[in-house]
Amino acid sequence: VQLVESGGGLVQAGGSLRLSCAASGRTFSSYAMGWFRQAPGKEREFVAAITWNSGGTYYADSVKGRFTISRDNAENTVYLQMNSLKPEDMAVYYCAADFSLSRLTRSIGDYWGQGTQVTVSS
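Described below are features of the structure shown in this document.

So, the overall build of the protein
The helix and strand inventory of the protein stands at 1 helix and 11 strands. Starting at the N terminus and walking to the C terminus, you meet the elements of the protein as β-β-β-β-β-β-β-β-β-α-β-β. Against the globule reference of 14 Å for 122 residues, the protein gives a C-alpha radius of gyration of 13 Å, in line with a compact fold. In terms of its C-alpha atoms, the protein occupies a principal-axis envelope of roughly 40 × 25 × 25 Å. Sorting the 122 residues of the protein into buried and exposed places 44% on the buried side. Taking the intrachain contacts of the protein between residues at least 6 apart in sequence as the baseline, contacts between residues at least 24 apart amount to 57%.

Structure representation (structure tokens):
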């Protein structure tokens, strides 16, 4: 599975962005998908994950109520809608695929994208 993130950019605090992760290769719909982020000098952290059939979604406490993960298996794409952005959300955002949702929630994934930068100005 090859993953390519897009949609990052510069936004003011309180604004919104929607990230996309386009997948190609093996069967996208078989995988749980997750979003992660890594700020400078910090470890990569889990943000959100979604089951293969969108039957379940999971979020880090820091983004609950502000971020929404979704997927379109027909388009081989997973999204992260980010609202009410804060300066502390600034990071490189990555998507990942794995057969195990549990592994994703522990920041473990079989396939990773290259990341997209999100910058939030205060």
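A few points about the environment of Ser122
Locating Ser122 in the fold gives a position in the segment after β11 (116–121). The spacing of Ser122 and Ala13 is 109 residues in sequence and 5.3 Å in space, taken between C-alpha atoms. Not counting the four nearest positions on each side in its chain, Ser122 is found in contact with Ala13 and Pro87.

Topic: the nonpolar core
One finds Met33, Trp35, Leu80, Met82 and Tyr93 to be the most contacted residues of the largest nonpolar core, which totals 36 residues. Contributions of two or more residues to this core are made by β3 (17–24), β4 (32–38), β5 (45–50), β7 (67–72), β8 (77–82), β9 (91–98), α1 (101–105) and β11.

Section: the environment of Thr105
Inspection of the secondary structure puts Thr105 in helix α1. In this structure Thr105 comes out as partly exposed when scored by relative accessible area, which is 33%. Distance from Thr105 to Ser62, taken between C-alpha atoms, is 14 Å for residues 43 residues apart in sequence. At 2.7 Å, the side chain of Thr105 and the backbone oxygen of Ser102 are in polar contact.

Examining the pairing of β11
The side chains of a regular strand alternate, first on one face of the sheet and then on the other. Here β11 shows a clear split, with Thr116, Val118 and Val120 buried on one side and none of Gln117, Thr119 and Ser121 buried on the other. With 4 bridges connecting them, strand β2 (residues 9–12) and β11 associate as parallel partners. Bridge assignment links Gly9 to a residue of β11, and that residue is Val118. Here β9 pairs with β11 via 3 bridges, running antiparallel. From the neighbouring strand, Ala91 faces β11, where its bridge partner is Val118.

Structural notes on the pattern of salt bridges
Inspection of every chain in the model, using the stated rule, returns 6 salt bridges. When the shortest N-O distance is used, the salt bridge between Arg66 and Asp89 registers 2.7 Å. Of this pair, Arg66 sits in the loop between β6 (57–59) and β7 while Asp89 sits in the loop between β8 and β9, and the two are 23 residues apart along the sequence. Each member of the salt-bridge network shares a partner with another, and the members are Arg37, Glu45, Arg66 and Asp89.

Reading the values: the criteria
Position numbers for residues start from 1 in each chain and track the written sequence from start to end. Local features are withheld for residues below a pLDDT of 70 in this predicted model, meaning they are given only at 70 or higher, and side-chain atom pairs are given and counted only at 80 or more; totals for whole chains, interfaces and linings count all residues. Working from all heavy atoms in the structure, the side-chain values ignore hydrogens and water. Numbering of helices and strands runs from the N terminus, with a helix taken as a DSSP run of H or I at least four residues long and a strand as a DSSP run of E at least two residues long. Note that the radius of gyration is over C-alpha atoms, with the globule rule given as 2.2 Å times the number of residues to the power 0.38. Exposed residues in this analysis have more than 50% of their type's maximum accessible area, buried residues have under 20%, and partly exposed residues fall in between, with area computed by a 1.4 Å probe over protein chains only. What makes two residues a contact is simply this: any of their non-hydrogen atoms within 4.5 Å. In this text, buried Ala, Val, Leu, Ile, Met, Phe, Trp, Tyr and Cys residues form a nonpolar core when linked through side-chain atoms within 4.5 Å. Definition of a polar contact: a pair of N or O atoms within 3.5 Å, with one able to donate and the other able to accept a hydrogen when the atoms are protein atoms, and with sequence-neighbouring residues admitted only if both atoms are side-chain atoms. By definition, two strands form a pair when at least two bridges between them are found by DSSP. A pairing counts as a salt bridge when a side-chain nitrogen of Lys or Arg comes within 4 Å of a carboxyl oxygen of Asp or Glu.

By themselves, these observations are geometric and do not establish any function.
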